[in-house]
Amino acid sequence: MPKLAITGKGGVGKTTLAALLAHSYQQEGNKVLLIDADPDANLASALGLPESLSKQITPISEMDDLIEERTGARPGSFGGMFSLNPKVDDIPDRFSATHRGIKLLVLGTIGRGGGGCICPESSLLKNLVRHLFVGRSEVVILDMEAGLEHLGRGTAGAVDAFIVVVEPGQRSVQTAGAVKRLAADIGIHRVFIVGNKIREASDRNFVLDHFSQEEVLGFLPFSEKAIAADMQGLAIFDADEQLVRAAREIRERLAVGSEE
Ligand SMILES: Nc1ncnc2c1ncn2[C@@H]1O[C@H](COP(=O)(O)OP(=O)(O)OP(=O)(O)O)[C@@H](O)[C@H]1O
Ligand SMILES: [Mg+2]
């Protein structure tokens, strides 16, 4: 079962693609675990989880008691010793919410206040992400910010596809270039591009001018319905059949690529 990580510049559509792909795999009869590793977590809303329920989800990084129990140190305590290999294998099933047949686990931020840190919470989260990629049997999709704090060398080898979302424009393309270099540095080699918010042929061509045909997995059309769904808190995969179809094509290309 594929283990995917989705990244890219802020606002390009990472969460949208993560939710669409999760739905597509689920519709094919697969078990899917979707992981929100964005500090500004909003995958729950892309799945259409009502706000009253999503507000009840506590990100793992904020579970101080759990972190202390597993690592031996409380977040925010300084100079203490903590485990670098805490037990995590029960966390996905215990702390995920299931909605529309998709399991959602919200990780939260590593190192409060941004950036990485050498601290109990980062030890727990890094070990958890490694476990999710190495030790789970279902489809795993990680929605993450453009930094690679959650992924270390121990996890890199288990990433089947690292998908960088871009939109037509220099800025997201530059971010994609930087992310690709970071990924290569930690040993991730199957890096792909998805072009989002495509309105016309020139948008597609813009993406194809910057990336090779082989690395471009596919495109998602620009969709007014996606924007409306976001405003109304509706599941993105209920909002626009065209997006659902495009996500299916991307999933199929991923499957072909991994058989090679
Ligand atoms: N294909 C699309 N057509 C139109 N709007 C889109 C499309 N994809 C995403 N959007 C809109 O762009 C905004 C950002 O999308 P999304 O939240 O998926 O991006 P993101 O990369 O996860 O952002 P962040 O960096 O904030 O996590 C949302 O308002 C979303 O509805
Ligand atoms: Mg997002």
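Thresholds, definitions, all that
- Residues numbered from 1 in each chain as written.
- Chains lettered and ligands numbered in written order.
- Predicted model: local features only at pLDDT ≥ 70, side-chain atom pairs only at ≥ 80, totals over all residues.
- Helix = DSSP H or I, 4+ residues; strand = E, 2+ residues; numbered from the N terminus.
- Rg over C-alpha atoms; globule rule 2.2 N^0.38 Å.
- Buried ≥ 20, exposed ≤ 12 C-beta atoms within 10 Å, placed from the backbone.
- Near = placed C-beta within 6 Å.
- Nonpolar A, V, L, I, M, F, W, Y, C, P; charged D, E, K, R; others polar.
- Pairing = 2+ DSSP bridges.
- Core = buried A, V, L, I, M, F, W, Y, C linked by C-beta atoms within 7 Å.
- Contact = placed C-beta atoms within 7 Å.
- Axes fitted to C-alpha atoms, helices over the stretch in contact; angles between N-to-C directions.
- Right-handed = clockwise from strand over helix to strand, strands pointing away.

Some thoughts on the overall build of the protein chain
Next, step 1: From N to C terminus, the protein chain includes twelve helices and eight strands.
Next, step 2: For 260 residues, the compact-globule estimate of 2.2 N^0.38 gives 18 Å, and the C-alpha radius of gyration of the protein chain, at 18 Å, lies within 12% of that figure.
Next, step 3: A buried classification covers 47% of the 260 residues belonging to the protein chain.

Digging into the site of ligand 1
Next, step 1: Inspection of the region around ligand 1 gives 18 residues, with G10, K14, T15, T16 and D230 positioned closest.
Next, step 2: When residues of the shell around ligand 1 are traced back to their parent elements, those giving at least two are α1 (14–27), β7 (191–198) and α10 (224–232).
Next, step 3: In terms of residue class, the shell around ligand 1 is built from five nonpolar, eight polar and five charged.

Observations concerning the pairing of strand β2 (residues 32–37)
Next, step 1: Taking burial as the measure, the six residues of β2 include six buried ones, the bulk of the element.
Next, step 2: A two-sided burial pattern is seen for β2, the buried positions comprising V32, L34 and D36 on one face and L33, I35 and A37 on the other.
Next, step 3: Note: β2 against strand β4 (residues 102–106), five bridges, orientation parallel. The partner of I35 across the bridge, within β4, is L105.

A look at the nonpolar core
Next, step 1: Core analysis: the largest hydrophobic core is formed by 75 residues, its most contacted members being I6, L21, L34, I35, I141 and I163.
Next, step 2: It is α1 that contributes the most residues to this core, seven residues altogether.
Next, step 3: Setting aside residues up to four positions removed in sequence, I6 forms contacts with K14, L17, A18, I141, L142, D143, M144, I163 and V165.

Let's talk about unusual backbone geometry
Next, step 1: In this model, R100 sits at a positive phi of 55°, which is unusual for a non-glycine residue.
Next, step 2: Its place among the elements puts R100 in the loop between β3 (97–99) and β4.

Digging into the sheet that holds strand β6 (residues 161–166)
Next, step 1: With mixed pairing, eight strands are arranged side by side in an open sheet as β3-β4-β2-β5-β1-β6-β7-β8. Whereas interior strands pair on both sides, the edge strands pair on one side only; in this sheet they are β3 and β8 (216–221). Geometrically, the sheet is characterised by an average inter-axis angle of 25° between neighbouring strands, direction not taken into account.
Next, step 2: Relative to strand β5 (residues 139–144), α1 is tilted by about 170°, and along the sheet it contacts β1 (3–8), β2, β4, β5, β6, β7 and β8.
Next, step 3: Here helix α9 (residues 201–210) sits on the sheet in contact with β6, β7 and β8, set at roughly 160° to β7.

Here's the deal with the environment of P50
Next, step 1: On the secondary structure map, P50 appears in the loop between α2 (43–46) and α3 (51–54).
Next, step 2: Note on P50: 11 C-beta atoms within 10 Å, which makes it exposed.
Next, step 3: Each C-alpha atom, one on P50 and one on R190, is 35 Å from the other, the two residues being 140 residues apart in sequence.

With respect to the pairing of β6
Next, step 1: Counted residue by residue, β6 has six buried out of six residues, so it is predominantly covered.
Next, step 2: As judged from the five bridges shared by β1 and β6, these two strands associate in the parallel manner. Within β6, the residue paired with L4 across the bridge is A161.
Next, step 3: Pairing between β6 and β7: five bridges, direction parallel. Bridging across to β7, V164 finds its partner in I193.
Next, step 4: What joins β6 to β7 is helix α8 (residues 170–185), and the crossover it makes is right-handed.

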